[in-house]
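Residues per chain, in single letters:
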Amino acid sequence: MTMNDPGASQGQQAQQGEAARRAQRQRNVRLGLILASIALTFFAGFVAKTMLFPAG
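Because the structure is a prediction, the values reported are computed rather than measured.

With respect to the overall build of the protein chain
Item 1. On a plain count of helices and strands, the protein chain comes out with 1 helix and 0 strands.
Item 2. By residue count, 4% of the 56 residues in the protein chain fall in the buried class.
Item 3. Accessible surface, the protein chain as shown: approximately 5100 Å² in total, 65% of it carbon and sulfur.

Considerations on the pattern of salt bridges
Item 1. Following the criterion strictly, the structure yields 1 salt bridge and no others.
Item 2. For R21, the salt bridge is made with E18, and the minimal N-O distance between the two is 3.1 Å. One end of the pair is R21 and the other is E18, both in helix α1 (residues 10-52) and 3 residues apart, which spans about a single turn.
Item 3. Residue class for E18 comes out partly exposed when judged on its relative accessible area of 37%.

Reading guide: rules and limits
- Residues numbered from 1 in each chain as written.
- Predicted model: local features only at pLDDT ≥ 70, side-chain atom pairs only at ≥ 80, totals over all residues.
- Heavy atoms only, no water.
- Helix = DSSP H or I, 4+ residues; strand = E, 2+ residues; numbered from the N terminus.
- Buried < 20%, exposed > 50% of the residue type's maximum accessible area, 1.4 Å probe, protein only.
- Areas by Shrake-Rupley, 256 points an atom, 1.4 Å probe, with all protein chains shown as cover.
- Salt bridge = Lys/Arg side-chain N within 4 Å of Asp/Glu carboxyl O.

This is the structure we're talking about:
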């Protein structure tokens with residue numbers, strides 16, 4: 001049953017809503033970790049570049 005199903009009880013709708021929120025949170029955490037790892041990679045590359053090729 002879907003959340004728009006008129007035959008679904010409110011208890012079932014609440015459980016489905018909670019499961020959807022939990023799944024969305026897991027997707028958000030995964031995306032956050034991916035973006036943080038990309039930012040860390042760029043930072044490490046910048047630090048390595050400045051150490052290997054100093055300005056001057």
